[in-house]
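Secondary and tertiary structure notes
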Amino acid sequence: MSAETIKTTYRDAIRAAIREALLRDERVFLMGEDVGRYGGCFAVSKGLLDEFGPERIRDTPLSESAFVGAGIGAAMGGARPIVEIMTVNFSLLALDQIVNNAATILHMSGGQFNIPLVIRMTTGAGRQLAAQHSHSLEGWYAHIPGIKVLTPATLEDARGMLWPALEDPNPVLIFENGLLYNMEGELAADAGAVDISKAAIRRSGKDLSLITYGGTLFKTLQAAEELAREGIDAEVIDLRTLRPLDTATIVASVGRTHRAVIVDEGWRSGSISAEIMARIMENAFFELDAPVARVCSAEVPMPYPKHLEDAAIPQVPAIVAAARRVVTGHE
Amino acid sequence: MSEFRMPSLGADMESGTLVDWRVKPGDAVRRGDVVALVETEKGVIEVEIFESGVVDSLIVQPGQKVPVGATLAIVRGDGATAEVPPTPGPPLAAKAASDEKRLPTITPPIEAAGRARVSPLARKRAQELGVELSAATGTGEDGSITAADVERAAENAKARASTTAPAATVTAKGLDLQAMRRVIAAAMARSKREIPHYYLATTIDMRKSLNWLAAENAKRTVTKRLLYSALLIRAVALATGEVPEMNGFWIDGAFKPGHDVHVGVAISLRQGGLINPAIHDVDKKNLDELMESMLDLVNRARAGHLRSSELSDGTITVTSLGEQGVESVFGVIYPPQVALVGFGKIIERPFAADGLVGARPMIEATLSGDHRVSDGHRGGRFLLAVDRLLQEPEKL
């Protein structure tokens, strides 16, 4: 990677990744609601219609089931579709296509048909879009064998995860946290494909492991800085990929720190955070020096009013308090 | 009509077995009559009824175990109903309890209270360092023991070994009093934090003991003379044979009775500080042997030449502040022991016996007991046993 960097945003990094894919492989095309003339509901695909034309930047009818199904068919037929679904809440309309078809056809066809499909969608709260646009259901998808679940949080991952996802012969879901689109930062000018199988340690520390991904990564890093001022040295793990889960990195970290707090914008019951706890129990029980704790969203439909929404999702003070309790025994 | 229900005979009672009815349908009952025998974890208890009337029907048969609040019988009131104490627990149709086809609702047994909360890592570290978990003070969430607590306990043990163990010792001058204070602080703070103490006191007539001692010592050379404290320690040791829950340790949430009776004696050091070495096998020693052990121990303690086993394996402690002149001492139990017996000074007091008042030498004996292990009732039996043994000094 060159030392030269460019100033960019998460949104632009994703657009650059889509553009690169369209340029590198003529089988790649983008489709979804308003991705063409409108430039994408979150302006990710702005300008791409002009550059690549309506054959490759395709607006679809408002039917998630139909256009995800079309994506599956196109992938079976040899194309490399990128399907955009506006939010994870709306992806539930395409659950049948994703879970019953995309995830199973390789298996049910005895290996004859694979589905090299990429589905992108936004996830997460914090933008006052209320309960039908704000949930974090990526953990549900991580339950399903046959698909991969990616959760880019950094500019590097926003820029670099799409290409390996397209290279993957099987369906890959990419979850973009809506709060991150405007995040600005420096990115290597020649940034490109990244690994999509490993979690990353974003901050090393010896007192506890803060395990998170996606939209809560930066809150967690901020919490780690506050904890550092109190003398608590937190390690921060960015999971990056929820399926397959990088158990080895989690277990190695907990083996060093002996304490863990999981931060997840999803609800806690039956969740990916519960799965991470289970893996820690299975693999690192004898390393634990305190019960593993979680900071998750309140178990309510996401509220619309700002103060209630803020109260419902993980925030820095709650992460700090949970970490303090796990390390010192009190908040 | 009213329902006579399984009463709650204690906060921890969840159910009881009806052992026998003392009434039959048609019997008239009055408030306060014993109507049934109920067996609980605490034994068979006579259950009284709280209203007057006529027994209509008996719902639960002898031998049946039903939860607190279940209807046992139906009573036709005569209007003279007294307040019925509130029955805790849900009113359960007695039919449900007797209907065998119903799926049982299983109440899991309540865990023995107070299993130590120890993190998995702390257990591992304790094993590596050879530290007893009972020596660690938990600072984690809800007082749980963490790896750091185990490491601190290991350091404390090291400090203790270097202040009192034979190898590192320990000329009296070389005693690290600060370290000793820390050790005392840790042990006593832990005791008061963890051990629910109860205290009992009784005044014991020492006339027979002292008379016997005077007669016995008259026959002996000066070096062979006996001290009355030997009688006290011997009496305590023998009394643990009658009430064994005073002798042993509380470890990992359970009482471990002591195999032998090693009586710790609190010895204050001239330089300040306190140690609590044990005289081994007091129950198996005669008074001469005990005297010899005591003198040896006190001398070595004050010179700082104790053996480590003496410092760690006392199964009960005796403290006597008599020589300082106080009348009674309520001690702090030395963990993980479960009882401490204190003796004050012997004082002549007016004493009435057989209708006559006379002066007798009296001593106040106290017991600090661990309520997790024993109750005041047993503690009382223990102190009375000490008293009785001291009335027959020739048998000690």
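Look up a bit, the structure's there.
Attention here is on the structure that accompanies the text. (Residues numbered from 1 in each chain as written. Chains lettered and ligands numbered in written order. Predicted model: local features only at pLDDT ≥ 70, side-chain atom pairs only at ≥ 80, totals over all residues.)

**Overview of the overall build of chain A**
Scanning chain A from terminus to terminus reveals 14 helices and 14 strands. Burial statistics for chain A: of 331 residues in total, 50% are counted as buried. Taking all contacts inside chain A whose residues are at least 6 apart in sequence as the whole, residues at least 24 apart take part in 78%. (Helix = DSSP H or I, 4+ residues; strand = E, 2+ residues; numbered from the N terminus. Buried ≥ 20, exposed ≤ 12 C-beta atoms within 10 Å, placed from the backbone. Contact = placed C-beta atoms within 7 Å.)

**Points about the sheet that holds strand 6 (residues 53–58) of chain B**
Strand order in the open sheet formed by 4 strands is 1-8-6-3 (chain B), with antiparallel pairing between adjacent strands. Edge positions in the sheet fall to strand 1 (2–5) and strand 3 (28–29) of chain B, since each has one partner strand and no second. (Pairing = 2+ DSSP bridges.)

**Points about the interface of chain B and chain A**
At the interface, 10 residues of chain B touch 10 residues of chain A. In terms of residue count, helix 2 (residues 120–129) of chain B provides more of the side of chain B that touches chain A than any other element does, 4 residues in total. Of the residues belonging to the side of chain B that touches chain A, the class tally is 4 nonpolar, 4 polar and 2 charged. (Nonpolar A, V, L, I, M, F, W, Y, C, P; charged D, E, K, R; others polar.)

**Here we look at the sheet that holds strand 13 (residues 260–267) of chain A**
Residue and element names in this part refer to chain A. In spatial order, the strands read 9-11-10-13-14; together these 5 strands make up an open sheet with mixed pairing. Edge positions in the sheet fall to strand 9 (200–203) and strand 14 (293–297), since each has one partner strand and no second. Averaged over all pairs of adjacent strands, the angle between their axes in this sheet comes to 25°, without regard to strand direction. Pairing analysis gives 4 bridges linking strand 13 to strand 14, with the strands arranged parallel. (Axes fitted to C-alpha atoms, helices over the stretch in contact; angles between N-to-C directions.)

**Quick word on the nonpolar core**
Most often, soluble globular proteins keep nonpolar side chains buried together rather than apart. With 107 residues, the main nonpolar core has Leu162, Leu210, Val261 and Ala323 of chain A as its most contacted residues. Among the elements that take part in this core, helix 1 (residues 10–24) of chain A stands out by supplying 8 residues, more than any other. Leaving out residues up to four positions away in the same chain, Leu210 of chain A has contacts with Thr220, Ala223, Ala224, Ala234, Glu235, Val236, Ile237, Val261, Val263, Ile319 and Ala323 of chain A. Among the nonpolar cores identified, the runner-up in size contains 51 residues, and Met206, Tyr334, Val341 and Leu396 of chain B belong to it. (Core = buried A, V, L, I, M, F, W, Y, C linked by C-beta atoms within 7 Å.)

**Observations regarding helix 9 (residues 376–390) of chain B**
Its 15 residues place the ends of helix 9 of chain B 21 Å apart at the C-alpha level, agreeing with the 21 Å of an ideal helix rising 1.5 Å per residue. Contact partners of the buried residues in helix 9 of chain B: strand 9 (197–205), helix 5 (207–218), helix 6 (228–242) and strand 19 (356–370) of chain B. (Expected span 1.5 Å × (residues − 1).)

**A closer look at the pairing of strand 18 (residues 347–353) of chain B**
All names here are of chain B. Little of strand 18 is tucked away, with 0 of its 7 residues classed as buried. Pairing of strand 18 with strand 19, which is carried by 7 bridges, proceeds in the antiparallel orientation. When the sheet's bridge partners are listed, Ile347 is paired in strand 19 with Met362.

**Quick word on the packing of helix 11 (residues 247–257) of chain A against helix 12 (residues 272–284) of chain A**
Residue and element names in this part refer to chain A. Contact geometry of helix 11 with helix 12 gives a least axis separation of 10 Å together with a crossing angle of 65°. For the element pair helix 11 and helix 12, the recorded crossing hand is right-handed. Along its contact with helix 11, which presents Thr247, Ile250, Val251, Val254 and Gly255, the element helix 12 presents Ile276, Arg279, Ile280, Asn283 and Ala284. Partitioning the contact of helix 11 with helix 12 into residue classes produces 6 nonpolar, 3 polar and 1 charged. (Left-handed = near helix turned anticlockwise from the far one by under 90°.)

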